[in-house]
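# Structural features, examined
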Amino acid sequence: MTTPFEFSNAKDARIVYVRSVALADLPKEMQEQVSGMEQLYAVHAENGERLAIVADRDLAFTLARQNDFAPVTVH
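Quick summary incoming for the structure in this document. (Residues numbered from 1 in each chain as written. Predicted model: local features only at pLDDT ≥ 70, side-chain atom pairs only at ≥ 80, totals over all residues. Heavy atoms only, no water.)

### Re the overall build of the chain
Note the following rule: Only DSSP runs of H or I with at least four residues qualify as helices, and only runs of E with at least two residues qualify as strands; both kinds are numbered from the N terminus onward. The buried label applies to any residue whose accessible area, calculated with a 1.4 Å probe on protein chains only, is under 20% of its type's maximum; exposed applies above 50%, and partly exposed to all values in between. The contact criterion used is simple: two residues touch if any of their non-hydrogen atoms lie within 4.5 Å. The protein chains shown are the only cover counted for residues, whose accessible areas, like all others here, come from Shrake-Rupley with a 1.4 Å probe.
A count of helices and strands for the chain gives 2 helices and 4 strands. Going residue by residue from the N terminus, the α and β elements of the chain occur as β-α-β-β-α-β. Within the chain, the fraction of its 75 residues that count as buried is 24%. Put simply, 40% of the contacts in the chain that link residues at least 6 apart link residues at least 24 apart. Accessible surface, the chain: about 5,800 Å² in total, of which carbon and sulfur atoms supply 50%.

Shown next as structure tokens:
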């Protein structure tokens, strides 16, 4: 690859964390809205605030990128 790529500084990156969430770990109100799924994916801000819950990992990453965040997987 001969085209230079400018990486942003880590301090400028808007990072969110993506992790799997078991349906049983969600509040009852949320569990009732999801049928037939056992695992969802949560998108969290750096301070731990849950920003979104989505059906699959790919959707979580797409959602983050569409909102100008850099998603990182948390185990």
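### What to know about the side chain of Gln31
Along the chain, the position of Gln31 falls in helix α1 (residues 28–33). Take Gln31: its relative accessible area is 19%, and that puts it in the buried class. Apart from the residues lying within four places of it in its own chain, the contact partners of Gln31 are Leu23, Ala24 and Leu26.

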